[in-house]
Amino acid sequence: MRSSQRPPDAGASHPHAETGAADSRTRIPVVVHAPDPISRAGVRGLVARQPVIDLLDDVPAGPGTVAVLVSETPDESTLSRLRQLVRGDGARAVLVVGTIREAELLDVIECGVGAIVWRHEANAHRLVQAVLAASRGDGDLPADLLGRLITQVGSLQRTAAGHSGVPLSGLVPREVDVLRLVAEGLDTGEIASKLSYSERTVKNVMHGLTTRLHLRNRAHAVAYALREGYI
């Protein structure tokens, strides 16, 4: 980490400092949760002066807020906290984590987490990238985690019973095409270009399927499509 990314305490107390013409209404409200004060101060220091972030201090997460939760591993306490933040408080969630075992990965996604950052990669740029993705409802998983997710859900799908036909609330071909490209890591603009759609069409497709199937974000939608054998 460069020392320039670690502002003094005064910067953390005044999140609007040195942001130029950035308007708080166009910035993303962010709260940081961590099990220890050093981890919390470290993450806050990295994002405090980022122009797109409005760092909040000791306030409850709520709709429109991105909660950055730091944990060494997603144990039951962490999963419970994530469920409360996403389902109870209506926040978007970014998980900064040291390790994730195979058995925990789907649990994390199904809690509603769309963005995951490895602790050893958690610099200012990577955290801002994850916060932006979470605020849009996009998925942002490290490449190795996405590969593990695909492998794990594919294995579950192959061994699960009762998958002889298409689910009644299944996906239409256009939705499958979009989700396949989401699973490959493409963003909205790249998907639109690849499928010769407008970006608005891609967003409408994602909104329609996540709403209809009660999915929380893009990562959850990919997990669903993999579990059901669509991709």
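In what follows, the accompanying structure is described. Predicted model only: the values in this text are computed from it and were never measured.

Conventions adopted
Residues numbered from 1 in each chain as written. Predicted model: local features only at pLDDT ≥ 70, side-chain atom pairs only at ≥ 80, totals over all residues. Heavy atoms only, no water. Phe/Tyr/Trp six-rings, centres within 6.5 Å; stacked < 30°, edge-to-face > 60°. Lys NZ or Arg CZ within 6 Å of the ring centre and 35° of its normal. Helix = DSSP H or I, 4+ residues; strand = E, 2+ residues; numbered from the N terminus. Expected span 1.5 Å × (residues − 1). Buried < 20%, exposed > 50% of the residue type's maximum accessible area, 1.4 Å probe, protein only. Contact = heavy atoms within 4.5 Å. Polar contact = N/O pair within 3.5 Å; in protein donor to acceptor, adjacent residues only side chain to side chain. Pairing = 2+ DSSP bridges. Right-handed = clockwise from strand over helix to strand, strands pointing away. Axes fitted to C-alpha atoms, helices over the stretch in contact; angles between N-to-C directions. Parallel < 35°, antiparallel > 145°, perpendicular 65-115°, else oblique. Left-handed = near helix turned anticlockwise from the far one by under 90°. Nonpolar A, V, L, I, M, F, W, Y, C, P; charged D, E, K, R; others polar. Arc of directions from axis to C-beta.

1. Digging into the packing of aromatic side chains
One pass over the structure, following the stated rule, counts zero aromatic pairs. Seen from the ring of Tyr197, Arg174 lies directly overhead, with NZ or CZ sitting 6.0 Å from the centre.

2. Structural notes on helix α5 (residues 124-136)
Quick reminder: α-helices carry 3.6 residues per turn. Residues three or four places apart thus point the same way. Between its first and last C-alpha atoms α5 spans 19 Å; for 13 residues at 1.5 Å apiece the expected length is 18 Å, and the two agree. Within the sequence span of α5, burial applies to Ala124, Arg126, Leu127, Val128, Ala130, Val131, Ala133 and Ala134. Along its buried surface, α5 packs onto β1 (28-33), α2 (37-47), β2 (53-55), β3 (66-71), β4 (92-97) and β5 (115-118). Measuring from the side-chain oxygen of the N-cap residue of α5 to the backbone nitrogen of His125 gives 3.3 Å; that N-cap residue is Asn123. Just downstream of α5 lies Gly137, where phi reads positive at about 85°.

3. Details of the pairing of β5
Neither face of β5 is left uncovered, since the one carrying Ala115 and Val117 and the one carrying Ile116 and Trp118 both have all their residues buried. One ladder, built from four bridges, connects β4 with β5; its direction is parallel. The residue of β5 that forms the bridge with Leu95 is Ile116. The parallel pair β4 and β5, bridged by helix α4 (residues 102-110), forms a crossover whose chirality is right-handed.

4. With respect to the sheet that holds β5
Strand order in the open sheet made by the five strands is β2-β1-β3-β4-β5, with parallel pairing throughout. For this open sheet the edge positions go to β2 and β5, each flanked by a neighbour on one side alone. In this sheet, adjacent strand axes meet at a mean angle of 30° when their direction is disregarded. Contacting β1, β2, β3, β4 and β5, α5 runs over the sheet at an angle of about 150° to β4.

5. Focus: the pairing of β1
Summarising burial for β1: five of the six residues are buried, a large majority. Inspection of the sheet shows β1 paired to β2 by three bridges, in the parallel sense. Within β2, the position partnered with Val30 by the bridge is Leu55. Following the backbone out of β1, through α2 and into the adjacent parallel β2, one traces a crossover that is right-handed. The sheet contact formed by β1 and β3 spans four bridges and is parallel. The residue bridging His33 from the neighbouring strand is Leu69, located in β3.

6. Notes on the packing of α4 against helix α10 (residues 218-227)
At a minimum axis distance of 9 Å, the contact between α4 and α10 shows a crossing angle of 125°. Taken together, the axis directions place α4 and α10 in an arrangement best described as oblique. The hand of the α4/α10 crossing is left-handed. For the pair α4 and α10, contact is made by Leu106, Ile109 and Glu110 and by Ala219, His220, Ala223 and Arg227, respectively. Among the residues forming the contact of α4 with α10, the class breakdown is four nonpolar, one polar and two charged.

7. Notes on helix α8 (residues 188-195)
Among the residues of α8, Thr188, Ile191 and Ala192 are the ones counted as buried. Each buried residue of α8 sits inside an arc of 100° when the element is viewed along its axis, so together they form one side. More than 90 degrees from the buried face of α8, the exposed residues found are Ser193 and Lys194. For α8, the secondary structure elements touched by its buried residues are α7 (173-183), α9 (199-212) and α10. Its side-chain oxygen 3.2 Å from the backbone nitrogen of Gly189, Asp187 forms the N-cap of α8. Looking at the residues trailing α8, positive phi occurs at Ser196, about 60°.

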